[in-house]
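Architecture and fold: a report
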Amino acid sequence: MNKLVICLILSIFINIISGCFTIGSENNSKSSSNNNKNEKLNCTILKDGDTLSGTQKKSICIEAHAVINLTGRILFTPNTTFKINKGAILKGDIHSETYVVIDRGAKIDAQGTIDAPIVFTSSNPVGLRSQQDWGGLIINGYASINGGGVEALGESGTYFGGTNDKDNSGIMKYVRIEFAGKLIAAGLELPGLSLQGIGSNTIIEYVQTHKASDDGIDIFGGTVNLKYIVSTNNWDDQLDVTFGWRGKLQFAALASIDGDEGIEFDNNYDNFNASPQAHAIVSNITTLLGINSIGIGMTIQRGMKADFYNTYMFNGDVLVNDSPTSLTVNSFNVENGNINPHTDGTIIGTIEFSEPDSGNYYLKGANNGLATAKDLAALGASAFEPTNTYITGQKPPSDPFFDQSADYIGAVKSANENWMAGWTDFPKN
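Anyway, here's the lowdown on the structure attached to this text. (Residues numbered from 1 in each chain as written. Predicted model: local features only at pLDDT ≥ 70, side-chain atom pairs only at ≥ 80, totals over all residues. Heavy atoms only, no water.)

1. Some words on the packing of aromatic side chains
Where two aromatic rings form a pair, the distance of their centres and the angle of their planes describe that pair. What counts, and what does not: Ring geometry is summarised as follows: Phe, Tyr and Trp rings, the Trp one being its six-membered ring, pair when their centres sit within 6.5 Å, and such pairs are stacked at plane angles under 30 degrees, edge-to-face over 60 and tilted between the two. Note on conventions: DSSP H or I runs of at least 4 residues are helices, E runs of at least 2 residues are strands, and numbering of each starts at the N terminus. Here's how the labels work: a residue is buried when its accessible area is under 20% of the maximum for its type, exposed when over 50%, partly exposed in between, all with a 1.4 Å probe on protein chains only. In our convention, an over-ring charge means Lys NZ or Arg CZ found within 6 Å of a ring centre and within 35 degrees of that ring's normal.
For the coordinates displayed, the defined rule picks out 16 aromatic pairs. Centre to centre, the rings of Tyr228 and Phe251 are 4.8 Å apart; their planes meet at 5°, and the pair counts as stacked. Of this pair, Tyr228 sits in strand 19 (residues 225-232) while Phe251 sits in strand 21 (residues 246-256), and the two are 23 residues apart along the sequence. Given the relative accessible area of 2%, Phe251 is considered buried. Between Phe308 and Phe332 the ring centres are 6.3 Å apart and the planes differ by 65°, which places this aromatic pair in the edge-to-face class. Of this pair, Phe308 sits in strand 25 (residues 305-314) while Phe332 sits in strand 27 (residues 326-335); the two residues are 24 residues apart in sequence, bridging distant segments of the chain. We note that Phe308, like Phe332, is buried. Here a set of aromatic residues connected by ring pairs shows up, and it is made of Tyr174, Tyr206, Tyr228, Phe251, Trp419 and Trp423. Here Lys227 stacks its cationic end above the ring of Phe401, 4.4 Å away from the centre of that ring.

2. Focus on the pattern of salt bridges
For side chains of opposite charge, pairing can occur when their charged atoms come near one another. We apply this condition: When a carboxyl oxygen of Asp or Glu is within 4 Å of a side-chain nitrogen of Lys or Arg, the pair counts as a salt bridge.
Following the criterion strictly, the structure yields nine salt bridges and no others. Here Glu178 ties to Arg176 by a salt bridge, and the two come within 3.2 Å at their closest N and O atoms. A relative accessible area of 3% means that Glu178 is categorised as buried. A salt bridge links Lys248 to Asp399; its shortest N-O distance comes to 3.0 Å. Of the two residues, Lys248 is situated in strand 21 and Asp399 in the segment after helix 3 (373-379); the sequence distance between them amounts to 151 residues. Owing to a relative accessible area of 24%, Asp399 belongs among the partly exposed residues under this scheme. Connected through salt bridges with shared partners, the residues Arg129, Arg176 and Glu178 form a single ionic network.

3. Topic: unusual backbone geometry
In this structure, Pro276 follows Ser275 across a cis peptide bond, with omega equal to 0°. Despite not being glycine, His65 shows a phi value in the positive range, around 65°. Within the secondary structure, His65 sits in the loop between strand 3 (59-62) and strand 4 (67-76). At Tyr228, a residue that is not glycine, the phi angle is positive and equals roughly 60°. For Tyr228, a relative accessible area of 15% corresponds to the buried category.

Printed below as a string of structure tokens:
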């Protein structure tokens, strides 16, 4: 009888211990599942309402859907990661020179979703936001540049460039950057997004810059490739390139209401023959210029080599300057625009011109000329959709990077296939 009691007691005890371990294992598994976005990083987790500022010597993880305050110069040092989970909103302080720098050797991991994009914006409330409210986002890498040396000192006081063209500065997907371009020094204002010496293993996809006071996106050298890019209503260029960028771009929607150019591509501002020579390969791009813009849709100059496929431009001239410059065009359609008659670069291929609303091809945004910011705010992503049947162009270059099915002119094939729908936004303020 005593042995039976002892056995029963032991059995109960073992079951309790086993149950404890089972419960603990489930909790650990559940905890791991809840934090699986951050589990590979030894990071400081920021939650809704927290503030980020200063130099970061440890990785930072932003919780999904958290609203975070950004204050002052925020620098991520080598071997750190800035992890931002989906739906997070990061508000740049309007009362300080606020901007974020991902230094060489550090990484950004910002992966939103189509229904929960990551947003960098102003700390001002909706309705009071404007250009220059905060600085912007700067990413530095170790890829090669032609800025006069192996590396160069950037606007943020940090260096970029190196010898590793396959450098990896992280990943950005479904990210919006709004109301940037604040002056950080006399005469020095930042673009919405600066990609400086970024290598080809970096992933930049589904990114929008909107209403920066400088350029929307600046690329300084490097070999980074971009896909699904939107740059709108920035006061300067929507996309600006210099320092020898050798990269690919597919699917880009650019619009300027009253700004400078749609595209400015330079090899090097000071030395047109600088090496490595910039060479951009671009396919499926749309550029819309409003009637109050300066009317330059694209400038290719200062020794740049560029190949354009399936391009549509409304209300903008094409300029090709400086004898080392070369522009190759394949299925390039311009409405209400011209080629600069004083060009001294080389143009290979045929650029087709037509009058606005010719019935050949035009967009919802082009139909009204994008006269005011209200037009784009009201039309949104649909501004880049063709009102008529799309024009068949050419197949993009035979390269694994390019989507070979996009054999049509422009960034968007149709309203039913608009990759901008759901995650982009075009607010006035």
